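# Structural description and commentary
Listed below are the residues making up each chain.
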Amino acid sequence: MDLPGPRWKKGKDGKDFAADAAAYPMSAIVAELQASLRDSQAVAILSGEGGDALLPVGTDQAKLLNKASFGWAVESAGEEEQWFQLGPEEVFFLCHALKCMAVESESKKHIGEGELWDLLTSISEPFPEMYKAYEHLRLKNWVVKSGLQYGADFVAYRHHPALVHSEFAVIVVPEGKAFGTRCGRRVQVWSDLLCALRASGSVAKTLLVLTISSNGCEVASSDCLEQLIVHERTITRWIPQQCREQQDKPRRQEASRDVQRQKTCREEASREEKGDTREGVVLSYWGVILSFTVLSSILVYKLKF
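It should be emphasised that the depicted structure is a prediction, and the values quoted were computed from it without experimental measurement.

## Looking at the pattern of salt bridges
- Overall, the coordinates contain five salt bridges when judged by the stated rule.
- In this structure, E113 engages K99 in a salt bridge whose closest nitrogen and oxygen atoms are separated by 3.8 Å. Linking E113 in helix α5 (residues 113-123) with K99 in the loop between α4 (88-97) and β5 (102-104), this pair joins segments that are 14 residues apart in sequence.
- Residue E113 is classed as partly exposed on the basis of its relative accessible area, which comes to 25%.
- The exposure class of K99 is exposed, given its relative accessible area of 52%.

Put into structure tokens, the structure is as follows:
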């Protein structure tokens, strides 16, 4: 069954934003943000609760963060500086995957990548599989946001949420001994799967299940990220009536084309028949005139002689 395409939002002129997104793809925006943060040696301050961090940036970097849809602006320190709050997955992604940001504690102590991993996993036990899923989608240039309001772990957007609606409701399922008792908690029975499927379908999203397999490795350090395997599965409801309509639609279209072709052939044949009839009438007319002329000439000739 074909998946639905992106649902682009529309501007005041009534046109959707698909052309704008194509002209300025997310990969280019993230690359520009990465270079800007790296050049400015950006440093985020890790908060004490939840694993969030505050990142002070300039006006241009604030615009790039907004375009790339990382975090959200929480406070303005002046015309030249703004503060962005980043979630745990965003903090580690900018630090580990893009390597364009450092992290410090509230006491200005530098926090290395290994220590940051330990802190985030101690705050949230499922952080390893959640981050792996986040990184997997982000590296494919999807914009990933919290899916809590849709009953999912994440939602994935093709571009900035201001330009397009999210396409996928994402559920993360860990698999392997390294994840301990967290395995088997998500969509392991039909009732859970049907609830998730109904919830995603009611908000026009496709359910995407990301199974994170430990592949025998331990998740005690960030080194495991290269060994974790992500399996993607999209799940949709099979509706017999819609399926038949989708199958019958090409047949109806082909039948309609056949009818149109037959109608065109009949019209062409009718025009050719009318043309032949007109040509026959004209020839008959000139034949009568020619015969009358010949007979008149013979009659005149006999009268003379």
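## Overview of helix α7 (residues 190-202)
- Compared with an ideal rise of 1.5 Å per residue, which puts 13 residues at 18 Å, α7 spans 18 Å between its outermost C-alpha atoms and is within 8% of the ideal.
- Where α7 is concerned, the buried positions are L193, A196, L197 and S200. With its buried residues spanning 100° around the axis, α7 presents them on a single face. In α7, the exposed positions angled more than 90 degrees off the buried face are occupied by C195, R198 and S202.
- In this structure, the buried residues of α7 make contact with β9 (168-175), β10 (206-213) and β11 (229-235).
- Within two residues after α7, A204 carries a phi angle of roughly 60°, on the positive side.

## What to know about the nonpolar core
- The biggest cluster of nonpolar side chains holds 58 residues, and the ones touching the most others in it are L55, F70, M101 and L116.
- Excluding its chain neighbours within four sequence positions, the residues that come into contact with F70 are V30, L33, L65, F84, L86, E90, F93, L94, Y134, R138 and K145.
- Counting residues in hydrophobic clusters, the runner-up holds nine residues, among them A152, L197, L207 and V209.

Criteria and thresholds
Residues numbered from 1 in each chain as written. Predicted model: local features only at pLDDT ≥ 70, side-chain atom pairs only at ≥ 80, totals over all residues. Heavy atoms only, no water. Salt bridge = Lys/Arg side-chain N within 4 Å of Asp/Glu carboxyl O. Helix = DSSP H or I, 4+ residues; strand = E, 2+ residues; numbered from the N terminus. Buried < 20%, exposed > 50% of the residue type's maximum accessible area, 1.4 Å probe, protein only. Expected span 1.5 Å × (residues − 1). Arc of directions from axis to C-beta. Contact = heavy atoms within 4.5 Å. Core = buried A, V, L, I, M, F, W, Y, C linked by side-chain atoms within 4.5 Å.

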